[in-house]
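Descriptive analysis of the structure
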Amino acid sequence: METEGEVTGVLLAGGRSSRMDGREKALLDIAGKPMLLHVLHRLRPQVGRIVINANGDPARFSGYCLPVVADSIEGYVGPLAGLAAGIEWARSETPEAQFIVSAPSDSPFLPLDLVARLKAALIAKGAPCAIAASAGERHPVAGLWRVDLLPSVLQSLKNDIRALHRFADSHDCAVADFEPVEVGTAKVDPFFNVNAPADLETARALFLAEAHRD
């Protein structure tokens, strides 16, 4: 299923990283690389262009040769504001794109077929959006969204809806289920995210096991 050019990638990195003592999660080292590079390695082949949604000083991402766009609403109001910023950027800078795919910047095992499977679920249901799920849990931060949803996103923010899952539910998004991925000898949830120091150590151990297997 052809997707490149039709889909713009939006890496959501706009949170406060409070459980990491304020350290920028996307820039934490895993296997000798910032976590963001692991995510980019997996997402880049699936999309046309990529933009980072992040608040604060954009200079911290200057080494990645990617545009950085902040939430248009101040105050760290949540991922729906990041979705709005990503769609606004895509409509301006990649007008050929019909969709954006949002992806967390702290999920280093992101599926290599994320976009294709989300798009297949969206088409099969005739929905304006599709979100990922694994192990019985939904992951709306990993989602495919038609760019013409922007007015609805902005209206939801005006109505004080900030959570992506609430927005996804209100639009009857399709759901694509993903199986675990193999990392070393382990089966890992592809949407495992690095939220706390213990998660970071787990991710490092998994990458070390993968390197030893190779």
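Below you will find a few notes about this structure. (Residues numbered from 1 in each chain as written. Predicted model: local features only at pLDDT ≥ 70, side-chain atom pairs only at ≥ 80, totals over all residues. Heavy atoms only, no water.)

**Looking at the pattern of salt bridges**
Pairing between side chains of opposite charge can happen when their charged atoms approach one another. Overall, the coordinates contain 9 salt bridges when judged by the stated rule. Here Lys-25 ties to Asp-106 by a salt bridge, and the two come within 2.6 Å at their closest N and O atoms. With Lys-25 in the loop between β1 (7-12) and β2 (29-30) and Asp-106 in the loop between β6 (99-104) and α3 (114-125), this residue pair connects regions lying 81 residues apart in the sequence. In terms of burial, Lys-25 and Asp-106 fall into one category: buried. Its salt-bridge partner being Asp-148, residue Arg-146 comes within 3.6 Å of it at the nearest N-O pair. The exposure class of Arg-146 is partly exposed, given its relative accessible area of 26%. (Salt bridge = Lys/Arg side-chain N within 4 Å of Asp/Glu carboxyl O. Helix = DSSP H or I, 4+ residues; strand = E, 2+ residues; numbered from the N terminus. Buried < 20%, exposed > 50% of the residue type's maximum accessible area, 1.4 Å probe, protein only.)

**Brief notes about helix α6 (residues 197-213)**
Here α6 contains 17 residues, and its C-alpha end-to-end distance of 25 Å stays within 8% of the 24 Å for a straight helix at 1.5 Å per residue. Among all positions in α6, only Leu-200, Ala-203, Leu-206 and Phe-207 are buried. The buried residues of α6 all sit within an arc of 125° when viewed along its axis, so they share a single face. Across α6 from its buried face, at more than 90 degrees, point the exposed residues Ala-198 and His-212. For α6, the elements touching its buried residues are β2, α1 (35-43), β10 (181-183) and β11 (186-188). (Expected span 1.5 Å × (residues − 1). Arc of directions from axis to C-beta. Contact = heavy atoms within 4.5 Å.)

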